[in-house]
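Overview (structure and organization)
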Amino acid sequence: MSTNIETTRPKINLDSLRQSDVNLVILGHGLVGSTLIKQILEKQESLLERKDINLKIIAIANSTKVLLKPEGVSKNWLEEKETKGIKQSIKVVLDFLKLYDFDNVIVVDNTADQSIVFQYENFIKAGAHLVSSNKKGNTESFEFYQNLRGALQSNNKKYLYETNVGAGLPLIDTIALLHASGENITRIKGVFSGTLSYLFNEFSDGNKTFSEVLQQAIHKGYTEPDPREDLCGNDVARKLLILARELDLHNELGDVEVENLIPKDLRKGTKETFLNALQDLNIPYSIKKKNCKPGNVLRYVAELSGDLSKNDGAILKVRLVQVPKNSVIGQLKGSDTIFEIYTENYGDNPIVIQGAGAGAEVTARGVFGDILRLSEQIK
């Protein structure tokens with residue numbers, strides 16, 4: 001692989017690879033990844049002028065091909081990747097980084113690929129910092145989680161992942177700051193999924209059937225390609241686990257008690273089979289809605305509680321519940337997410353963080369924010 005890269009290496013002036021450049025390797029260019037690339041390319045000139053940050057995307061990869069451009073990609077990167085890209089492997093990217101010995105490298109993981117996270121340590125050892133919207137690096141075993149932090153510390157590298165939980169909201173930073181300052185966080189509660197927020201906000205307040213609302217969410221691009229990935233609750237469970245670990249709690253993903261919103265007979269089979277059977281969801285959810293007490297609405301709520309002074313774990317629950325319509329959670333609209341952070345000093349008055357929780361633009365903007373914060377720290 002190294003020989004191929006050396007052979008195809010563009011003839012460029014190595015002096016043009018300035019130490020002030022921030023060099024980005026983008027892994028994954030689906031909805032979030034391609035939106036992020038567009039945002040970066042549109043803001044390159046203004047960032048250089050306003051903040052003296054020269055963001056360069058030096059590699060773009062998906063599961064099949066990688067485009068390697070040490071001088072930085074242009075706006076026709078997708079076409080160029082198709083014509084000049086080479087077969088993708090992590091080794092190809094690592095060899096590329098070694099060959100050019102770039103300064104200030106940030107590897108940005110916009111995939112949902114579990115195998116990629118097991119390469120994080122190799123990227124760190126190759127001199128790269130990490131930014132990720134991929135939750136799986138923070139929800140692997142606690143042993144993996146600790147080893148990754150150890151690799152970051154020993155190699156003096158940083159890892160930012162604000163979008164793992166709250167899309168573009170400043171949630172993880174807030175919790176980390178409270179925890180580091182000694183503020184005793186006693187409970188975290190909220191609606192963590194923009195997709196499921198939209199579903200139950202629309203379903204509870206309107207007259208449409210559950211399947212009609214779900215089809216609306218699919219049409220708006222709020223759901224995963226297979227909506228069962230949202231409805232099973234695992235994504236919310238991962239977010240809850242990440243927050244627990246930010247509080248130094250030794251929880252595993254299996255500790256999260258999750259209510260799966262998919263009827264058992266629809267959990268298996270193809271995506272197409274499920275999508276053709278959406279009307280089967282209408283009766284069970286109309287019953288749940290009918291059983292709500294007067295003045296209550298349905299919300300899919302995640303909650304972290306227990307004796308958080310002990311780092312051996314917390315009680316972690318993700319479930320569909322009734323809440324008063326006039327409560328903070330009950331008043332949610334659209335695809336907003338909300339997080340209530342209860343602390344010892346604030347008592348019954350939680351810190352509330354609320355905002356847009358679904359959509360490629362929002363998530364990509366959050367990843368871009370992490371890239372900029374990290375760039376200012378390392379350049």
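Every value quoted in this text rests on a predicted model; they were computed, and no experiment measured them.

Criteria and cut-off values
- Residues numbered from 1 in each chain as written.
- Predicted model: local features only at pLDDT ≥ 70, side-chain atom pairs only at ≥ 80, totals over all residues.
- Heavy atoms only, no water.
- Helix = DSSP H or I, 4+ residues; strand = E, 2+ residues; numbered from the N terminus.
- Expected span 1.5 Å × (residues − 1).
- Buried < 20%, exposed > 50% of the residue type's maximum accessible area, 1.4 Å probe, protein only.
- Polar contact = N/O pair within 3.5 Å; in protein donor to acceptor, adjacent residues only side chain to side chain.
- Pairing = 2+ DSSP bridges.
- Contact = heavy atoms within 4.5 Å.
- Axes fitted to C-alpha atoms, helices over the stretch in contact; angles between N-to-C directions.
- Salt bridge = Lys/Arg side-chain N within 4 Å of Asp/Glu carboxyl O.
- Phe/Tyr/Trp six-rings, centres within 6.5 Å; stacked < 30°, edge-to-face > 60°.
- Lys NZ or Arg CZ within 6 Å of the ring centre and 35° of its normal.

A word on helix α10 (residues 194-205)
Helical geometry note: an α-helix holds 3.6 residues per turn, so side chains three or four residues apart project in the same direction. The end-to-end C-alpha distance of α10 is 16 Å, a good match for the 16 Å that 12 residues give at a rise of 1.5 Å each. Most of α10 is tucked away: 10 of the 12 residues are buried. All of the buried residues along α10 are Gly194, Thr195, Leu196, Ser197, Tyr198, Leu199, Phe200, Asn201, Phe203 and Ser204. Looking at where α10 begins, the residue whose side-chain oxygen comes 3.3 Å from the main-chain nitrogen of Thr195 is Ser193.

Some thoughts on the sheet that holds strand β2 (residues 54-61)
The strand order across the open sheet built from 7 strands is β4-β3-β2-β1-β5-β6-β7, with neighbouring strands paired in mixed fashion. Because the sheet does not close on itself, it has two edges, and the strands there are β4 (86-87) and β7 (159-160). Looking at chain direction, β2 and strand β3 (residues 65-68) are connected through 3 bridges and run antiparallel. Residue pairing across strands places Ala61 opposite Val66, the latter belonging to β3. Here helix α2 (residues 31-51) sits on the sheet in contact with β1 (21-27), β2 and β5 (105-109), set at roughly 160° to β2. Its contacts with the sheet put helix α4 (residues 90-100) on β1, β2, β3, β4 and β5, and the angle it makes with β3 is roughly 10°.

Quick word on the sheet that holds strand β8 (residues 185-191)
Neighbouring strands of a sheet are bound in pairs by backbone hydrogen bonds; such pairs are parallel or else antiparallel. Strand order in the open sheet made by the 6 strands is β9-β11-β10-β8-β12-β13, with mixed pairing throughout. Both edges of this open sheet fall to β9 (256-258) and β13 (351-356), since each of them pairs with a single strand only. Taken pair by pair, the neighbouring strands of this sheet meet at an average axis angle of 25°, ignoring direction. Summarising the sheet, β8 and strand β10 (residues 296-305) pair through 3 bridges and their orientation is antiparallel. What sits directly across from Gly190, in β10, is Ala302. Each of β8, β10, β11 (315-324) and β12 (336-343) is contacted by α10, which is oriented at about 150° to β10, the strand it contacts most. Each of β8, β9, β10 and β11 touches helix α13 (residues 234-246); the most contacted strand, β10, lies at about 40° to it.

Quick word on the pattern of salt bridges
Applying the stated rule across the entire model yields 18 salt bridges. A salt bridge links Lys69 to Glu71, with the nearest nitrogen and oxygen atoms 3.2 Å apart. Asp173 serves as the salt-bridge partner of Arg373, at 2.7 Å between the closest nitrogen and oxygen. Of this pair, Arg373 sits in helix α16 (residues 360-378) while Asp173 sits in helix α9 (residues 171-180), and the two are 200 residues apart along the sequence. Given the relative accessible area of 29%, Arg373 is considered partly exposed. A residue is classified by how much of its surface remains accessible, and Asp173, at 36% relative accessible area, is partly exposed.

Description of the packing of aromatic side chains
Applying the stated criterion to the full structure yields 13 aromatic pairs. Measuring from centroid to centroid gives 5.3 Å for Phe96 and Tyr100, while their planes differ by 65°, and the two rings are edge-to-face. Here the residue Phe96 and the residue Tyr100 both occupy positions in helix α4, the gap between them amounting to 4 residues, near one helical turn. A network of ring pairs unites the aromatic residues Phe200, Phe203, Phe210 and Tyr285 as a single cluster. Its end group placed over the ring of Tyr145, Arg149 keeps NZ or CZ at 3.8 Å from the ring centre.

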